Amino acid sequence: MIYDVIIAGAGPVGLFLACELRLAGVSVLVLEQADTPDSPLKRLPFGLRGLSMPTLDAFYRRGLLDEITAPLRNKDGGKQGTPSVPHWMQQARRPGGHFAGIQFFQDNVDTSKWQYFLPNPAGTSVAVEMEHIEAVLATRAIATGAFIQRGHGVEGFTQTDDGVTVHAGGKAFEAKWLVGCDGARSAVRKAAGIDFIGTDPEFTGYSAQVEMTDPDKLTPGRHYTPTGMYTYQAPGTVAIADFDGGTFHRTQPITLDHVQTVLRRVSNTDVTISKLLLATTWTDRAHQATTYRNGRVLLAGDAAHIHSPLGGQGLNLGLGDAMNLAWKLAATLHDHAPADLLDTYTSERHPVGAQILDWSRAQVGIMRPSRSSRALEAILRDVIETRDGATYFAERVWGTSLRYDLGSDHPLVGRSAPDISLIDGTKLGPLLATGKGLLLDFDAAPSTQALINRWRDRITYVGLDAQDRLGLRALLVRPDGFVAWASDTSSAHALDHDAIAQAASRWFGTPDDA
């Protein structure tokens, strides 16, 4: 069988990409190296992942939000023995996020500065276990017809102008396209010859669950010290940043004695670890693929970019890749994509990835065990406590500042569409559940409907007024939920049908009757 798309990697990014492609009617095979998705690192406490607004919007628009956030509605997270609430949530004020451990609070964020912001069921951010996210996405992918083969890590491939032959698990698989979602050490990226450039690590990070004979010697919370940084949550969850240039990461076994030595040095205590239950290491290495495409091979997620987990941006970045890529790749396979549509995947997502890598690097600059970093930290704490400062950091951490450069001066174009409520109670988000584009025409002009019906198989037309137009007259939304074109109520003239047709052709190809 020749599949439309083979995806290397059954992590959240690969699985979400599979869901999106199947929504568009594309045949999908997912090849995963691991025999089972089970891993203690995907469960609490280390498996906790913060989901930002673009990710929550994507899940909401595809009808996945309730399933993804279901454990949050259960008192113990839906499981017996769930660890206690993280230390940063045990406060009188509700934290909104952090930058290098410096928190900003939700009551200090001024959302009125966001012209097109409308609250929706997705909220601004939530934290969910990686294991649960993967389970929900795998269930959806399989239910919609995707095939997942575990124990088949991609070993290499050959590509022609017409397709790709993928070698995995001693077998050969045929597809028209291959997408590497196979992590930081991506075999797909390496075989494609795509350069992976960036900055080398400054520290080895440790995440460990331990038992201690004298835990009171550690103070809960995050602490900067003259030799690094550590975070402690009772009774035995520890994170450490040891500024050793990343030399320990994946070079030696992680032993009790080693973790104790590092913890003592960084915390400046003589705390004693009696048992090492679980431990892993990570670094602040920040690298990015120079392009996300080589012929019929594409990259997404950690295969395209890696950075430290500081701030919890990595998973959101990868899921954003999947949402951006899927509809463009599907349109290409269905032969109704503009010639350069697939190229916009790299042009739109590469700058977003580069920005996140720099955001991660900036946090490392604050964390360094130096006098200048501590001075900078003190200034930043003052800034982040101001209303303007908290709002700025919320924009970056929550993802509300995300905007693609789509060549328009309209402030909404290139941004995620607001969840507008129509006068019949329908909201914008669920209107995108089919994976098609959307034209909202608040004046319900028959001539506008006739025009957009020329793309009826790719764009849904909704002619209905809104409870709050936000100063808008009409807007065209791409399948990924980002605004491709918008018109304001300030214009006294009829809707510019030429502009609508131009935008529709730009993103959805030639009309059916062309």
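For the protein, the name recorded in an unreviewed UniProt entry is FAD-dependent oxidoreductase, with Pandoraea pneumonica as its organism. Under the UniProt heading Cofactor (unreviewed entry), the note attached to the protein is "FAD".

Caption draft 1: Layout of the confidence of the model for the protein. Predicted confidence across the protein gives a mean pLDDT of 94, with 95% of residues reaching 70 or more. Taken together, the stretch residues 75–85 has pLDDT below 50 and engages in twelve contacts with residues farther than four places along the chain or on a different chain.

Caption draft 2: Here's a closer look at a positive patch on the surface. Together, R185, K190, R250 and R285 line one region of the surface with positive charge. Along the chain, R285 turns up in the loop between β16 (273–283) and β17 (286–289). Residue R285 is classed as partly exposed on the basis of its relative accessible area, which comes to 31%.

Caption draft 3: The arrangement of the sheet that holds strand β14 (residues 228–233) in detail. Ordered in space as β13-β14-β15-β12-β16, the five strands form an open sheet in which the pairing is antiparallel. Because the sheet does not close on itself, it has two edges, and the strands there are β13 (221–225) and β16. The mean inter-strand angle of the sheet, taken between neighbouring strand axes irrespective of direction, is 20°. Pairing of β14 with strand β15 (residues 237–242), which is carried by six bridges, proceeds in the antiparallel orientation.

Caption draft 4: Just the packing of helix α9 (residues 371–384) against helix α10 (residues 387–398), in detail. Where α9 contacts α10, the axes come no closer than 6 Å and their chain directions differ by 95°. One finds that α9 runs roughly perpendicular with respect to α10. The segment α9 lies against α10, with L380, V383 and I384 engaging G389, A390 and F393. When its residues are assigned to classes, the contact of α9 with α10 shows five nonpolar, one polar and no charged.

Caption draft 5: Looking closely at unusual backbone geometry. Cis rather than trans, the peptide bond between L44 and P45 has omega equal to 5°. Mapping P45 onto the fold places it in the loop between β2 (28–32) and β3 (48–51). Unlike most non-glycine residues, A444 shows phi in positive territory, near 50°. The residue A444 is located in the loop between β21 (437–441) and α11 (446–452) in this model.

Caption draft 6: Examining the packing of aromatic side chains more closely. One pass over the structure, following the stated rule, counts 17 aromatic pairs. Here the aromatic rings of W327 and F508 are separated by 6.3 Å at their centres, their planes lie at 35°, and the arrangement is tilted. Of this pair, W327 sits in helix α7 (residues 314–333) while F508 sits in helix α12 (residues 497–508); the two residues are 181 residues apart in sequence, bridging distant segments of the chain. When sorted by exposure, W327 lands in the same class as F508, which is buried. Through a chain of ring-to-ring contacts, three or more aromatic side chains come together here, namely F99, W359, Y392 and F393.

Caption draft 7: Focus on the domain arrangement of the protein. Under the domain assignment, the protein is made up of domain 1 (2–72 + 121–198 + 287–367), domain 2 (204–283) and domain 3 (415–508). Between domain 2 and domain 3, the C-alpha centre-to-centre distance is 53 Å.

Rules used in this analysis
- Residues numbered from 1 in each chain as written.
- Predicted model: local features only at pLDDT ≥ 70, side-chain atom pairs only at ≥ 80, totals over all residues.
- Heavy atoms only, no water.
- UniProt positions renumbered as here; feature names shortened; annotations may be inferred.
- pLDDT = per-residue confidence, 0-100.
- Contact = heavy atoms within 4.5 Å.
- Patch = residues over 30% accessible without salt bridge, like charges linked within 9 Å, V, L, I, M, F, W, Y side chains within 5 Å.
- Areas by Shrake-Rupley, 256 points an atom, 1.4 Å probe, with all protein chains shown as cover.
- Salt bridge = Lys/Arg side-chain N within 4 Å of Asp/Glu carboxyl O.
- Lys, Arg positive; Asp, Glu negative; His and termini not counted.
- Charge placed at Lys NZ, Arg CZ, Asp CG, Glu CD.
- Helix = DSSP H or I, 4+ residues; strand = E, 2+ residues; numbered from the N terminus.
- Buried < 20%, exposed > 50% of the residue type's maximum accessible area, 1.4 Å probe, protein only.
- Pairing = 2+ DSSP bridges.
- Axes fitted to C-alpha atoms, helices over the stretch in contact; angles between N-to-C directions.
- Parallel < 35°, antiparallel > 145°, perpendicular 65-115°, else oblique.
- Nonpolar A, V, L, I, M, F, W, Y, C, P; charged D, E, K, R; others polar.
- Phe/Tyr/Trp six-rings, centres within 6.5 Å; stacked < 30°, edge-to-face > 60°.
- Domains from an automatic or database assignment.

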